Amino acid sequence: MASAPQNYYELYRRSSVGVALTDTLDDLIQDHRIDPQLAMKILANFDRAITEVLQEKVRSRLTFKGSLDTYRFCDEVWTFQLKNVTFKMDNGQNNVQADKVKIVSCTAKPTGT
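Let us look at the structure shown here. Model, not experiment: these values are computed from the prediction.

Calculation notes
Residues numbered from 1 in each chain as written. Predicted model: local features only at pLDDT ≥ 70, side-chain atom pairs only at ≥ 80, totals over all residues. Heavy atoms only, no water. Pairing = 2+ DSSP bridges. Helix = DSSP H or I, 4+ residues; strand = E, 2+ residues; numbered from the N terminus. Axes fitted to C-alpha atoms, helices over the stretch in contact; angles between N-to-C directions. Patch = residues over 30% accessible without salt bridge, like charges linked within 9 Å, V, L, I, M, F, W, Y side chains within 5 Å. Areas by Shrake-Rupley, 256 points an atom, 1.4 Å probe, with all protein chains shown as cover. Salt bridge = Lys/Arg side-chain N within 4 Å of Asp/Glu carboxyl O. Buried < 20%, exposed > 50% of the residue type's maximum accessible area, 1.4 Å probe, protein only. Polar contact = N/O pair within 3.5 Å; in protein donor to acceptor, adjacent residues only side chain to side chain. Contact = heavy atoms within 4.5 Å.

What follows is about the sheet that holds strand β2 (residues 77-89). Spatial strand order, β1-β2-β3: three strands in an open sheet with antiparallel pairing. Single-partner strands in this sheet number two, and they are β1 (62-74) and β3 (96-106). If you compare each strand with its neighbour and ignore which way they point, the axes differ by 25 degrees on average. Where β1 lies against β2, 11 bridges are found, and the strand directions are antiparallel. Bridged to arginine 72 within β2 is threonine 79.

Below, the discussion takes up a nonpolar patch on the surface. A contiguous nonpolar surface patch, about 360 Å² in accessible area, is contributed by Leu11, Tyr12, Leu54, Val58 and Val104. For valine 58, a relative accessible area of 46% translates into the label partly exposed.

Applying the stated criterion to the full structure yields four salt bridges. In this structure, arginine 13 engages aspartate 47 in a salt bridge whose closest nitrogen and oxygen atoms are separated by 2.6 Å. In this pair, arginine 13 is assigned in the segment before α1 (16-30) and aspartate 47 in helix α2 (residues 36-57), connecting sequence segments 34 residues apart. For arginine 13, a relative accessible area of 16% corresponds to the buried category.

Looking at the secondary structure, you find arginine 59 in the loop between α2 and β1. Taking relative accessible area as the criterion, arginine 59 reaches 60% and is therefore assigned exposed. A distance of 3.2 Å separates a polar side-chain atom of arginine 59 from the backbone oxygen of glutamate 56.

For threonine 79, the location among the structural elements is in strand β2. Among the residues examined, threonine 79 registers a relative accessible area of 11% and is labelled buried. With sequence-adjacent residues up to four places away left out, threonine 79 is seen in contact with Thr70, Tyr71, Arg72, Lys102, Ile103 and Val104.

Below you can see the structure in the form of structure tokens.
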């Protein structure tokens, strides 16, 4: 028996891979090589696949220190903006520093599913 379709957050569409995919799909639509409906199905599949792969494959842990600049909570989504952040990897690699970091935290499943 097939399971009901599940909705996924579209957060990763704003990643470099997601932006590249969206730009490519836009080009294909403009060239009349695919229909917009197919592009939407591809993006929905991307949302599902990247969420599942990150959950299953990423096992690294890190800690970080920085200054909290702003935070907000809206529609079950927390957004934190940090300044002067230092990340320390659990495998002992070099620390990574960043001037600004944005962290978005959502519930495990989108509301309305």
